[in-house]
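Chain by chain, the residues:
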Amino acid sequence: MTDVHDTSPVAGQQLELAISGMTCASCAARIERKLNKLDGVAATVNYATEKARVSVPDGLDPQRLLETVEAAGYSASLPVAEEPEAVAEEADDDPTRSLRQRLVVSAVLSVPVIVMAMVPALQFTYWQWISLVLAAPVVLWGALPFHQAAWTNLRHGAATMDTLVSMGTLAAFLWSLYALLFGTAGVPGMTHPFELTIQRMSGDGSIYLEVAAGVTTFILAGRYFEARSKRRAGAALRALLELGAKDVAVLRDGREVRIPTAELAVDDRFVVRPGEKIATDGVVEEGNSAVDASMLTGESVPVEVGPGATVVGATVNAGGRLVVRATRVGSDTQLAQMAKLVEDAQTGKAEIQRLADRVSAVFVPIVIALAVGTLAFWLGSGGGAAAAFTAAVAVLIIACPCALGLATPTALLVGTGRGAQLGILIKGPEVLESTRRIDTVVLDKTGTVTTGQMELIDVHTTDDTDRDEVLRIAGALENASEHPIAQAIARGAQQRIGELPAVEGFTNVEGLGVQGIVDGHAVIAGRTALLEQWSQHLTPELAEAKAAAEQQGKTAIAVAWDGQARAVLVVADTIKPTSAEAITQLRALGLTPILLTGDNTAVARSVAAEVGITEVIAEVLPKDKADIITRLQNDGKAVAMIGDGVNDAAALAQADLGLAMGTGTDVAIEASDITLVRGDLRTAADAIRLSRHTLRTIKGNLFWAFAYNIAALPLAATGLLNPMIAGAAMAFSSVFVVTNSLRLRTFRTTATAPTE
């Protein structure tokens, strides 16, 4: 894929840091700037996930990264390997508990203060002093995280959103305290009319405790819902981690010993009983069963497995007892790799998010300057201290760039998490930019449009030969061969007539076919040249059927016994049942499909015609596939490539957007941008729809966040907004952003939703 933004060093390693102490996107931008000042370091910091992904050159001590973050006023730590129990314990730990406590207490204390300030009829004698008693804990304890963060940033010469919140609430509280103690606001019988506009009045006769308490409560509410939304958005990742089995019955010296899954080693043999989860990726050594992989792949039909079959950890054994030999454990398993892909996607940054971060980083100092200018203007124009102070505080409160910082990461969290639930693994947020631009989709044939497995699809017989007899005799002979075509015939025969008889005197005639004795018949199966060696020629009808099959790119096997040609068996790589529907969906998304294959032109055109593709590029060598992609790009096309094999890896990497079938090779998956866990091609259309939907959500979030600030700041500066109303509106904008992002959780696959 062509990178949108690449600041990685030429050589080095990737590290991930856990960052704590961030309270807004400005904090993330500040840490990012500090890290990027180190020689050879390229860092992206994500406020939503509280993680930094850092590319460091060889020889750089990771401790320098931690010291740099700490020098900026925050805390950082390198990741450590966690036991599954620790992961579960961390998942159970609710990071929103402290926020919830502060919110509840602040809300209970703030409501009477706000009601008394809004309803003059409730302003009894000394009501203002009761308001002070109720508001003080809210401002000093409820808003303590804002004050602490503002002080930390101030010591490091920075100003963040918390600076605005802290300045605004403390200014309102301290001014009110001054008016009560030294002005006329504390006199018995003082009343305070509730108005949405600012009037010129004596500054020491008014209090703004409802502003200080109300804004604190509103912002705490916004922070709480943001934190809860982030936690909900990350639920898909936690669900992936929790899918696996917690313990496993390992075979040791012929006995079953139950141990934690984390202690499994490669080549350990373990037992999986019906209803149990398979502990890790492995190969079945004993037993036959059906495995339900729906929780991992979304595929509802159980897969039949037997000795030699590969199984994936976290899937459920739905049938008999299995003995499995572990081939991959821990972080190497498919489940762990899926979780890592999701986490990487959520930790990275799209170009659109970098813009929001840069704006947020410079926004705070500008707002502080605007607040000071507003205060000076109102005072200089004779508006009075109260009007000047209120307008300045409203500017500080309304300008909190919280919504800007949350616009992108929350949508990414929800979108990539939803994708993981549907079997769509988006490797990085840069992928979202690519899905918007692509107009051409190139599809590999084998394993992508087709199943990649040869199957018996037709049987042509002479008039005096029974079809079932052909299947029984030819199937028995081919069953003794390991050739893929022979196995396809044997498998097709077993599916149609059941158990096959034994074969005697089996011989493999290299390059021509096989022969042997079945039920006393001397049987030959293979090329017509083999039959002709025994003077057994095809009838005109069989020869015509064979020629027609080969013209369509299918494989025809001639069968003869007892001195006479009896049948032609047609074998082919079958098209997946959903491929034609998938092509229709891709066209509906405005994409032009092209079939790219190394197979011969006749086969390619036959497959393309069946699924609805008009443009075919056939007989292409593996090394030339990437060149075809380059040629299309040079023609001005933005190209997506869908493939599954090692021979597709270079083309997947070259394409603007690479999509790998999860049923394919690890090399192809590694080279792609999106992994489709299921082998269903319709998932490709789902992936593009989801990516575009996520990008639209991000853009919508950013638009409303920018529009809100641009529209509200002039109103606040001209004194048309009460600071408390400004605080409520600011908190609402943040809640709107995360709520809008959470709509992505309702995204549905094309099986249940119309194509967008």
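Residues numbered from 1 in each chain as written. Predicted model: local features only at pLDDT ≥ 70, side-chain atom pairs only at ≥ 80, totals over all residues. Heavy atoms only, no water.

The name recorded for the protein in an unreviewed UniProt entry is Cu+-exporting ATPase, from Saccharopolyspora antimicrobica. As its UniProt record puts it under Subcellular location (unreviewed entry), the protein is described as follows: "Cell membrane". A UniProt comment under Sequence similarities (unreviewed entry) is attached to the protein, and it reads "Belongs to the cation transport ATPase (P-type) (TC 3.A.3) family. Type IB subfamily." (UniProt positions renumbered as here; feature names shortened; annotations may be inferred.)

(A) Geometry of the sheet that holds strand 12 (residues 316-317). With antiparallel pairing, three strands are arranged side by side in an open sheet as 10-9-12. Among the strands making up the open sheet, the edge pair consists of strand 10 (303-305) and strand 12. Here strand 9 (residues 289-292) runs beside strand 10; their pairing, made up of three bridges, is antiparallel. Looking at strand 10, one finds that Ser 289 is bridged to Val 305. (Pairing = 2+ DSSP bridges. Helix = DSSP H or I, 4+ residues; strand = E, 2+ residues; numbered from the N terminus.)

(B) Geometry of helix 2 (residues 62-71). Regarding helix 2, the residues found buried are Leu 65, Leu 66, Thr 68 and Val 69. The arc enclosing the buried residues of helix 2, seen along the axis, measures out at 160°, which places them on a common side. Gly 73 sits one or two positions beyond helix 2 and adopts a positive phi of about 100°. (Buried < 20%, exposed > 50% of the residue type's maximum accessible area, 1.4 Å probe, protein only. Arc of directions from axis to C-beta.)

(C) Main features of the packing of helix 5 (residues 127-142) against helix 6 (residues 144-155). Remark: helix 5 packs on helix 6, axes separated minimally by 5 Å, with the N-to-C direction vectors making an angle of 45°. The orientation of helix 5 with respect to helix 6, classified from their angle, is oblique. Contacts between helix 5 and helix 6 involve Val 139, Leu 140, Trp 141 and Gly 142 on the former and, on the latter, Leu 144, Pro 145 and His 147. In the contact of helix 5 with helix 6, the residues fall into five nonpolar, two polar and no charged. (Axes fitted to C-alpha atoms, helices over the stretch in contact; angles between N-to-C directions. Parallel < 35°, antiparallel > 145°, perpendicular 65-115°, else oblique. Contact = heavy atoms within 4.5 Å. Nonpolar A, V, L, I, M, F, W, Y, C, P; charged D, E, K, R; others polar.)

(D) Region of interest: the confidence of the model for the protein. For the protein, per-residue confidence averages 78 on the pLDDT scale, and 79% of positions sit at 70 or higher. Under a pLDDT of 50 for its full length, residues 81-92 has, in the predicted model, nine contacts with residues more than four places off or in other chains. Overall, residues 197-203 carries pLDDT values under 50, and its contacts beyond four positions in sequence, including any with other chains, amount to 19 contacts. (pLDDT = per-residue confidence, 0-100.)

(E) Local environment of the UniProt feature "transmembrane region" (unreviewed entry) in the protein. UniProt feature "transmembrane region" (unreviewed entry): in the numbering of this structure it lies at residues 103-120, 126-144, 164-187, 207-225, 359-379, 385-408, 701-718 and 724-742. Helix and strand shares over residues 164-187 are 79% and 0% respectively, and the end C-alpha atoms of the span are 31 Å apart.

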